[in-house]
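Now for the letters of each chain:
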Amino acid sequence: MPLSEHEQRMLDQIESALYAEDPKFASHVRSGRMRTASSKRRFQAVALFVLGLVLLVAGLALPFKPAGFPVISLIGFVLMFGAGVLFLLGGTRKGATTSEGAAGSADTGSENSGQKPKPGRKAGGFTSRMEDRFRRRFEQE
């Protein structure tokens, strides 16, 4: 379902405010590279998965089963599960330090801008402006 003209304008305003407030984060989100795993981490995950698979099969094939339960197979399954999680979520954390620096620079930028907040409005940036707009919209109705 396409957006109405008003919704499209609001979306454009939100996007431009995001670019104005934190251009590094906005370009990072736009590129679609939020959290990608490195090739080394993916290789480690695949190797761990293969090891888990070997243990899973070996636990079923070997006669060593304490109390009739294949403990080695359980360990193999847990390794395979951990490898899957590592493969999907084990990305690099390069953005962790840059987001802290961006937050600090955004604070200093708002102090040095020379603009005073309008009366009745909280100083705080983009989120407080969006909250104010949201409240005014529902107060009008």
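See the structure above.
Summarised in this report is the structure supplied together with it. Model, not experiment: these values are computed from the prediction.

## Here we look at the overall build of the protein chain
Scanning the protein chain from terminus to terminus reveals six helices and zero strands. The secondary structure elements of the protein chain, listed N-terminal to C-terminal, are α-α-α-α-α-α. Buried positions account for 13% of the 141 residues belonging to the protein chain. Sequence-distant contacts, at least 24 apart, represent 56% of the contacts inside the protein chain between residues at least 6 apart. Here the protein chain displays about 11200 Å² of accessible surface, and carbon together with sulfur accounts for 64% of that area.

## Structural notes on the packing of aromatic side chains
Here the distance between the centres and the angle between the planes together describe a pair of aromatic rings. Under the defined criterion, the tally for this structure stands at zero aromatic pairs. Residue placement shows Arg42 over the ring face of Phe87; its charged tip is 5.0 Å from the ring centre.

## Here we look at helix H3 (residues 39-61)
For H3, spanning 23 residues, the distance from its first C-alpha to its last is 33 Å, which sits close to the expected 33 Å at 1.5 Å a residue. Those residues of H3 that sit buried are Ala45, Gly52 and Gly59. Those residues of H3 hidden inside the fold are in contact with helix H4 (71-89).

## Focus on the environment of Tyr19
Note that Tyr19 resides in helix H1 (residues 5-21). Owing to a relative accessible area of 29%, Tyr19 belongs among the partly exposed residues under this scheme. Setting aside residues up to four positions removed in sequence, Tyr19 forms contacts with Ala26, Ser27 and Arg30.

## Here's the deal with the packing of H3 against H4
The geometry of H3 relative to H4 is characterised by a closest axis approach of 7 Å and an angle of 160° between their N-to-C directions. It follows that H3 is roughly antiparallel to H4 by the angle criterion. In this structure, H3 meets H4 at a crossing whose hand is left-handed. Among the residues forming the contact of H3 with H4, the class breakdown is 17 nonpolar, four polar and two charged.

Here is what the cut-offs are and how they apply
- Residues numbered from 1 in each chain as written.
- Predicted model: local features only at pLDDT ≥ 70, side-chain atom pairs only at ≥ 80, totals over all residues.
- Heavy atoms only, no water.
- Helix = DSSP H or I, 4+ residues; strand = E, 2+ residues; numbered from the N terminus.
- Buried < 20%, exposed > 50% of the residue type's maximum accessible area, 1.4 Å probe, protein only.
- Contact = heavy atoms within 4.5 Å.
- Areas by Shrake-Rupley, 256 points an atom, 1.4 Å probe, with all protein chains shown as cover.
- Phe/Tyr/Trp six-rings, centres within 6.5 Å; stacked < 30°, edge-to-face > 60°.
- Lys NZ or Arg CZ within 6 Å of the ring centre and 35° of its normal.
- Expected span 1.5 Å × (residues − 1).
- Axes fitted to C-alpha atoms, helices over the stretch in contact; angles between N-to-C directions.
- Parallel < 35°, antiparallel > 145°, perpendicular 65-115°, else oblique.
- Left-handed = near helix turned anticlockwise from the far one by under 90°.
- Nonpolar A, V, L, I, M, F, W, Y, C, P; charged D, E, K, R; others polar.

Keep in mind these numbers describe shape, not what the thing actually does.
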